[in-house]
Amino acid sequence: MLKKIRTECSVEIDDVFVVKRLGRSVEGWCAGCGGTATMVTPEDAATLVGTGARSIYRLVESGEIHWAEGPETLVLICLCSLLERAGQDFHTE
Ligand SMILES: [Zn+2]
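What comes next concerns the included structure. For clarity, every value in this text was computed on a predicted model and none was experimentally measured. (Residues numbered from 1 in each chain as written. Predicted model: local features only at pLDDT ≥ 70, side-chain atom pairs only at ≥ 80, totals over all residues. Heavy atoms only, no water.)

Overview of the overall build of the protein
Thinking step 1. Each helix and strand counted, the protein has four helices and four strands in total.
Thinking step 2. A sequence separation of at least 24 residues applies to 54% of the contacts in the protein between residues at least 6 apart.
Thinking step 3. Roughly 5900 Å² of accessible area belongs to the protein as shown, and the carbon and sulfur atoms make up 51% of that amount. (Helix = DSSP H or I, 4+ residues; strand = E, 2+ residues; numbered from the N terminus. Contact = heavy atoms within 4.5 Å. Areas by Shrake-Rupley, 256 points an atom, 1.4 Å probe, with all protein chains shown as cover.)

As structure tokens, this is what we get:
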């Protein structure tokens with residue numbers, strides 16, 4: 001059930017590397033991107049950018065990163081928007 005990982009956003013980090021590092025991610029619809037995006041859990045997102053899950057939720061609440069409702073978790077974070085945000089400034093905690 002391997003699906004090609006592809007995102008519509010332009011990010012400079014190698015998505016494949018990111019996904020391999022996480023070991024788990026899903027491809028889902030991101031309203032913010034207006035297309036299919038790689039989605040990760042808030043916990044994985046936090047690990048990925050070296051912050052806490054609390055900071056991730058704060059970004060979700062403030063609308064600074066895209067998110068979608070996942071099947072098992074409450075929210076899934078759009079990897080594109082997370083990495084774009086992380087590239088700018090990620091000193092929220
Ligand atoms: Zn997105």
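After that view, the rundown keeps rolling.
Side note on helix 2 (residues 42-49)
Thinking step 1. Taken across its eight residues, helix 2 has six buried, putting it largely inside the fold.
Thinking step 2. If you check which residues of helix 2 are buried, you get Pro42, Asp44, Ala45, Ala46, Leu48 and Val49.
Thinking step 3. One or two positions beyond helix 2, positive phi appears at Gly50, with a value near 70 degrees. (Buried < 20%, exposed > 50% of the residue type's maximum accessible area, 1.4 Å probe, protein only.)

Notes on helix 3 (residues 53-61)
Thinking step 1. When we look at burial in helix 3, the residues that qualify are Ser55, Ile56, Leu59 and Val60. Buried residues of helix 3 fall within an arc of 145 degrees about the axis and therefore sit on the same side. Residues of helix 3 that are exposed and point more than 90 degrees away from the buried face comprise Arg54 and Glu61.
Thinking step 2. Backbone geometry just after helix 3 places Gly63 at a positive phi near 75 degrees. (Arc of directions from axis to C-beta.)

What about the coordination of the zinc ion?
Thinking step 1. Cys30 (SG), Cys33 (SG), His66 (ND1) and Cys78 (SG) make up the full set of protein donors to the zinc ion, lying at 2.0 to 2.3 Å.
Thinking step 2. The site at the zinc ion holds four donor atoms, and with the angles between them running 103 to 117 degrees, its shape is tetrahedral.
Thinking step 3. All donors to the zinc ion come from one chain, and their sequence spacing reads C-x2-C-x32-H-x11-C. Placement of His66 in the loop between helix 3 and strand 3 (67-68) and of Cys78 in strand 4 (residues 76-78) is noted, with a sequence separation of 12 residues between them.
Thinking step 4. Its relative accessible area of 23% is what places His66 among the partly exposed residues. (Donors = N, O, S within 2.8 Å, 3.2 Å for Na, K, Ca; no water. Tetrahedral: all angles 85-135°; square planar, octahedral: opposite > 155°, others 65-115°.)

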